[in-house]
Structure formats: C-alpha cells, structure tokens
Amino acid sequence: MEESKARKLLVDTGIKLLERGLVARTWGNISCRLDSDNIVITPSGLDYKKTKEEDIVKMNLATGKWQGIRKPSGEKRIHLLAYQVFPDVNFVIHTHQTYASALGLAGFEDLDITEEENEILGGIMLADYGLPGTKKLTKAVKAVLKDGAKVVLMKNHGVLICGSNQEETMRKVILLEDICKRNVKGVFEVTQEARANEGEKLLSRVKEKFPYAALVQTPAVIACANRKIPIYAQLDDMAQMIGWKIPVVSDNEVTHALEKVNAVFVPGFGALVRAESEDDMKALELLVDKAAVCRIHTTALNVEAKIGFIDAALMKLVYKMKYSKQK
C-alpha cells in the first residue's frame, strides 16, 4: 500500500475505534502492511485525537528497525509477529474492548459462536498473560498465532485482530464484541435503582473540589456498587490508570476518598471518578464500567483473575511516569 494512504488510514481508524468506545485515550494500537518488508504503526503513548499522519512510525518487518519522529507502539512485537506468521494479513488492530476483554479473563471453552462467525473471524484463541510489551506476552501471542488464530484474546490485557485489509479487520472487531457480549455471564439487572436526584447533588459536591468528575451509572457499575464489594484490577488498563483496587465508600466519604484514589463505588449511586482532564475523565468512565462487567463475569464463573499487586503497582508507575506525560 502507498505509505501516505496507509498513514491516513491508521489515523482515521483510531478515531473510529474511539467513537465506538473500543479504545480510549492511548489504549491499543493499529498497524498496516506497506509491502513485503515494511509496516506502519501508531506511535507509543499518543492520544488518537492528537495523532497526525507524520506521527505514524515506519518499521522493517525483519529487523524491527523504525523510522519516524516518534517511537513505535510498545506492542510493536505482536504486530510484527502477525505479519510474519500470516502472509495474507495486511492490517492489525489491538483493542481493549469491554466484552472481549471480559471473555479473555476466564477462557471460552463453551463459546456460543456459529461456524460462520468463526470463519469470518479466522479462528479465535486465548493467549496466556504477560505484562504489556514484554517478551513473555510476545511468546504467548506467537504460540496462538502459529496455531492459526487470527483473533487473539490476551488474558488480562486486550485483543489482537488480524485482517486482510482495514475494512475486514474493523468488521472483525465489531463482530467479536457482539459475540462476546452475548457470552458474558452473570446478572447485570439492577435490583436497586440509582438515586438519580441525590446522585446529581453528590456529583455537584464532588465537582467543587474536582472539576473533572463524573457519576457512572451503567447497569454493571450500579450492580457492583450495590453489592458493596471492592474490585481488584483484572485488566492492565485498570491497573495503569486506576490502580490495584476500586474501593467502596459511603456518599459522605466520597470527596475525601477521591483525594487518594480516582475511582470509588458508592452503594445506591454507582461510581464516582475524577481526573485532570475531560479526556481522562471519559476514559475512567469506560474503565470503571469495563471493570464492573469483568467482575460480574468472573464472579459468575467462580474464576480468580486479578493481577498481582506488584505487577499492578509497576504498571501504575510506568503509566504515571511515561504514558500520562506522553499523552
């Protein structure tokens, strides 16, 4: 593909993923094959809304050497692998989409999927956990790709989707989320409605100290809040941006609690999040809902999928010192 066209395609695809809520902030990454020797890939730690064509990085498939004004995505190795394993793959998207991420936490031996859907996806398999950007994750993904799967659910992390072109790959991304949504286990019905009017008053009180604050009241979030059970990080992105734990506090403790953490559950209300910017606030809203969906799913299957405290703390530190500044 012509390089200028490929660069524009990556920029446009990032915006489409944002609009569908399949990524947020700087999560995930996208790449495109140029020819038999080279690909282009999104840069490391740059907001999709701010990514320009000149920010896209060119990489050599064989050597991994890159050219550009920015560094390539930290997940560049798994992209290179996809192109090396599959000669017919010309476009790769790595997302952190909610329901596919949830399914990746507990496996999917009894997945409700038709033969036609599986054929469209090109096969779907689960890869073992490894910290983002590490050789351990690369090795786990390589094993699954070599088994022939063109859709890889990376445990505790996200999804890698391979396609022949951008249109096919995006179709796979959307189809995968539909499949995973109908396969998620657990009860998401809200038995106790959120206190809407009181919630607005609570949010107004919090905003006096934290201007970029939001009240999250999705069914999964309300259900988790009303169960009064804290959520521990099961996904890398929660560990990075929120930390190891989302605690449960009373409505009288919210403002004080948000001085120490950036997300809390409040029984009867849902969740409160606070951030330093509008974009980060929106990302936190998505993260809290995803964390709640994952918690309900793994609880229903009696699966313990939380990330270790040390790994979570390491990712939080790297995020704070590197990616939050790059963004």
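It should be noted that the structure appears before, not after, this text.
Residues numbered from 1 in each chain as written. Predicted model: local features only at pLDDT ≥ 70, side-chain atom pairs only at ≥ 80, totals over all residues. Heavy atoms only, no water.

J.: Looking at this structure, how should I read the overall build of the protein?
T.: In terms of helices and strands, the protein carries 12 helices and 13 strands. Here the protein has a C-alpha radius of gyration of 20 Å; the compact-globule value for 327 residues is 20 Å, and the two agree. Each of the three principal axes of the protein carries a C-alpha extent, and together these read 60 × 45 × 35 Å. Burial analysis of the protein (327 residues in total) assigns 54% to the buried set. Considering only contacts in the protein between residues 6 or more positions apart, those separated by 24 or more positions represent 68%. Of the roughly 14,800 Å² that the protein leaves accessible, carbon and sulfur atoms contribute 50%. Both charge centroids of the protein, one from 47 positive and one from 43 negative side chains, sit 6 Å from each other. (Helix = DSSP H or I, 4+ residues; strand = E, 2+ residues; numbered from the N terminus. Rg over C-alpha atoms; globule rule 2.2 N^0.38 Å. Buried < 20%, exposed > 50% of the residue type's maximum accessible area, 1.4 Å probe, protein only. Contact = heavy atoms within 4.5 Å. Areas by Shrake-Rupley, 256 points an atom, 1.4 Å probe, with all protein chains shown as cover. Lys, Arg positive; Asp, Glu negative; His and termini not counted. Charge placed at Lys NZ, Arg CZ, Asp CG, Glu CD.)

J.: Where do I start with the layout of surface pockets in this structure?
T.: In this approach the atoms are scanned with a rolling probe the size of a water molecule, which exposes any empty space left behind. Considered as a void within the structure, the second largest pocket measures approximately 280 Å³ in volume. Considering the residues around the second largest pocket, the lining is formed by 12 residues, among which Met 241, Asn 262, Glu 276, Lys 316 and Tyr 319 are closest to the centre. If you list the elements that add at least two residues to the lining of the second largest pocket, you get α11 (278-300) and α12 (309-326). For the lining of the second largest pocket, the element with the most residues is α12, which contributes 4 residues. In the lining of the second largest pocket, the residues fall into 4 nonpolar, 2 polar and 6 charged. (1 Å grid on protein atoms, 1.4 Å probe; cavity = no way out; pocket = protein on both sides within 12 Å on 5 of 7 lines; lining within 4 Å. Points joined across faces, edges and corners; volume = space filled by probe spheres on them. Nonpolar A, V, L, I, M, F, W, Y, C, P; charged D, E, K, R; others polar.)

J.: Mind showing me how you'd approach empty space enclosed by the protein here?
T.: For the structure on display, the rule yields 2 cavities of 30 Å³ or more. Considered as a void within the structure, the largest cavity measures approximately 50 Å³ in volume. If you go around the largest cavity, the residues you meet are Ile 231, Tyr 232, Ala 233, Gln 234, Leu 235, Asp 237, Met 238, Leu 287, Lys 290, Ala 291 and Cys 294. Partitioned by chemical class, the residues of the lining of the largest cavity number 8 nonpolar, 1 polar and 2 charged. If you add up the space inside the second largest cavity, you get close to 30 Å³. What lines the second largest cavity is simply Gly 21, Leu 22, Trp 27, His 96, Thr 98, Leu 286 and Lys 290. In the lining of the second largest cavity, the residues fall into 3 nonpolar, 3 polar and 1 charged.

J.: Help me understand the packing of aromatic side chains, please; the structure alone is not making it clear to me.
T.: For any two aromatic rings, the description comes down to two numbers: the centre-to-centre distance and the angle of the planes. Summed over the entire model, instances satisfying the criterion amount to 2 aromatic pairs. Each ring, one from Trp 244 and one from Phe 309, has its centre 5.1 Å from the other, and the planes form 85°; the classification is edge-to-face. Of this pair, Trp 244 sits in the loop between α9 (236-241) and β11 (245-246) while Phe 309 is found in helix α12, placing the two residues 65 residues apart along the sequence. Accessibility expressed as a relative area gives 52% for Phe 309, which makes it exposed. In this structure, Lys 150 packs its charged tip against the face of Phe 86, placed 5.2 Å from the ring centre. The ring of Tyr 232 carries Lys 306 above its face, with NZ or CZ at 4.7 Å from the centroid. (Phe/Tyr/Trp six-rings, centres within 6.5 Å; stacked < 30°, edge-to-face > 60°. Lys NZ or Arg CZ within 6 Å of the ring centre and 35° of its normal.)

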